[in-house]
Amino acid sequence: MRLKDKVVIVTGGSRGIGLALVRRLLAEGAKVAFTGTRQESLDKAIAALGDSAANAKGYILDVAQSAACEAMVKQVITDLGAVHVLVNNAGITKDTLMMRMKEEDWDSVIDTNLKGAFNCLKAVTRPMMGQRWGRIINISSVVGLMGNAGQVNYAASKAGMLGMTKAAAKELASRNITVNAIAPGFIASDMTEVIAEEAKKAYLSAIPLNRFGTGDEIASAVVFLASDDSAYITGQTLNVDGGMVMQ
Ligand SMILES: NC(=O)c1ccc[n+]([C@@H]2O[C@H](COP(=O)([O-])OP(=O)(O)OC[C@H]3O[C@@H](n4cnc5c(N)ncnc54)[C@H](O)[C@@H]3O)[C@@H](O)[C@H]2O)c1
């Protein structure tokens, strides 16, 4: 168990990649606080976790609301005693070609994916600085590195997370807090379920390992970046994408 008694917050942990992260973090001995936008989805996640849910607690949160993120982190510290690791996983897409993209499509994606990650990052900074230990992991995307037609809002939000990761890594390094990003490629999840078959085939042809990834494969990278095994790594982006992006 690489994360025994560490308290980890996973935003958007009620389903998809986030739920896979919660499951693995619990298996590594962590106490996990995860967020979702509705009580119903939190309850569903707790039921799906079975016995391991004893060390998990769900919180309703809209990451776009700064005060709500502060309040959630305070509540987690009251409930679980500390916050050692933050995984900024909550994210949405509102895909359409730029010409048709409405202002609210831009705003909601930036507010959730980029500002939401900042809100949670800011909220954990003070307690992590106080304990002189912390791990922050931002779930970005290959799209933030490569771009993708129909996703200017999403690409901007995910590229923004990479810049934020580097700046925060520099600010927090002296307090033994590392900040890294993971850029997943095409991961089978609820978010990707809605993509048309033709588009899925096109993505597959661009993946050297010739298959889509799993949430559990993102979880392996998260556990590594949350553990002492990555103590000398900060400000980096780990691509978990079957080779889609090679730098
Ligand atoms: N699935 C992929 O192929 C893929 C690829 C690259 C990156 N990602 C990123 O991984 C993360 C998880 O994606 P997924 O595929 O599991 O998506 P998903 O839609 O299955 O899950 C997204 C989660 O975010 C939460 N969420 C949405 N809006 C929120 C808000 N305003 N406040 C708080 N929580 C909110 C949802 O409740 C849900 O739990 C996202 O950041 C996504 O951009 C996914």
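Computed from a prediction, not measured in an experiment: that's the story for all the values here.

(A) Here's a closer look at the overall build of the protein. Scanning the protein for helices and strands turns up nine helices and seven strands. What you see for the protein is a C-alpha radius of gyration of 17 Å, in line with the 18 Å of a compact globule of 247 residues. Considering only C-alpha atoms, the protein reaches an extent of 45 × 40 × 35 Å along its principal axes. The buried share of the protein, reckoned over its 247 residues, is 50%. Within the protein, contacts between residues separated by at least 24 positions form 73% of all contacts whose residues are at least 6 apart in sequence.

(B) View of the pairing of strand 4 (residues 85-88). Here strand 4 shows no split at all, with V85 and V87 on one side and L86 and N88 on the other all buried. The sheet contact formed by strand 1 (residues 7-10) and strand 4 spans three bridges and is parallel. Looking at strand 4, one finds that V10 is bridged to V87.

(C) Region of the structure containing a negative patch on the surface. Taken together, the side chains of D62, E103, E104, D107 and D111 present a region of like negative charge at the surface. In this fold, E104 is placed in helix 4 (residues 103-131).

(D) Highlighting the packing of aromatic side chains. Under the definition given, this model contains two aromatic pairs. Pairing F186 with Y203 gives two aromatic rings, centres 4.9 Å apart and planes at 50 degrees, and the pair type is tilted. Residue F186 is located in the loop between strand 6 (177-184) and helix 7 (190-193), and its partner Y203 is located in helix 8 (residues 197-205); the two are separated by 17 residues in the primary sequence. For Y203, a relative accessible area of 24% puts it in the partly exposed group.

(E) Here's a closer look at the site of the ligand. The local shell around the ligand holds 27 residues, among which R15, I17, N89, Y154 and S189 are the closest. L61 is positioned such that a nitrogen or oxygen atom in its backbone is 3.3 Å from a nitrogen atom of the ligand. Here D62 contributes a side-chain N or O atom positioned 2.9 Å from a nitrogen atom of the ligand. In isolation the ligand exposes 830 Å². Once the protein is present, 93% of that is buried. Counting only elements with at least two residues in the shell around the ligand, the list comes to helix 1 (16-27), helix 6 (152-172) and helix 7. The element best represented in the shell around the ligand is helix 7, accounting for three residues. For the shell around the ligand, the residue count by class is eleven nonpolar, twelve polar and four charged.

(F) Representation of the side chain of T35. Position of T35 relative to the elements: it lies in strand 2 (residues 31-36). From its side chain, T35 meets the backbone nitrogen of G12 in a polar contact 3.0 Å long. Once residues lying within four places of it in the same chain are set aside, the contact partners of T35 are V10, T11, G12, G13, S14, L42, Y59, L61 and M72.

(G) Quick peek at the pattern of salt bridges. Under the definition given, this model contains eight salt bridges. The salt bridge partner of R24 is D216, with a shortest N-O separation of 3.2 Å. One end of the pair, R24, is in helix 1; the other, D216, is in helix 9 (residues 215-226), and 192 residues separate them in sequence. For R24, a relative accessible area of 19% corresponds to the buried category. Here D216 falls in the partly exposed class, since its relative accessible area comes to 40%. Linking E198 and K201 is a salt bridge whose minimum nitrogen-to-oxygen distance equals 3.8 Å. Placement of both E198 and K201 in helix 8 is noted, with a separation of three residues, approximately one turn of the helix. Exposure class is identical for E198 and K201. Each is exposed.

Thresholds applied
Residues numbered from 1 in each chain as written. Predicted model: local features only at pLDDT ≥ 70, side-chain atom pairs only at ≥ 80, totals over all residues. Heavy atoms only, no water. Helix = DSSP H or I, 4+ residues; strand = E, 2+ residues; numbered from the N terminus. Rg over C-alpha atoms; globule rule 2.2 N^0.38 Å. Buried < 20%, exposed > 50% of the residue type's maximum accessible area, 1.4 Å probe, protein only. Contact = heavy atoms within 4.5 Å. Pairing = 2+ DSSP bridges. Patch = residues over 30% accessible without salt bridge, like charges linked within 9 Å, V, L, I, M, F, W, Y side chains within 5 Å. Areas by Shrake-Rupley, 256 points an atom, 1.4 Å probe, with all protein chains shown as cover. Salt bridge = Lys/Arg side-chain N within 4 Å of Asp/Glu carboxyl O. Lys, Arg positive; Asp, Glu negative; His and termini not counted. Charge placed at Lys NZ, Arg CZ, Asp CG, Glu CD. Phe/Tyr/Trp six-rings, centres within 6.5 Å; stacked < 30°, edge-to-face > 60°. Near = heavy atom within 4 Å. Polar contact = N/O pair within 3.5 Å; in protein donor to acceptor, adjacent residues only side chain to side chain. Nonpolar A, V, L, I, M, F, W, Y, C, P; charged D, E, K, R; others polar.

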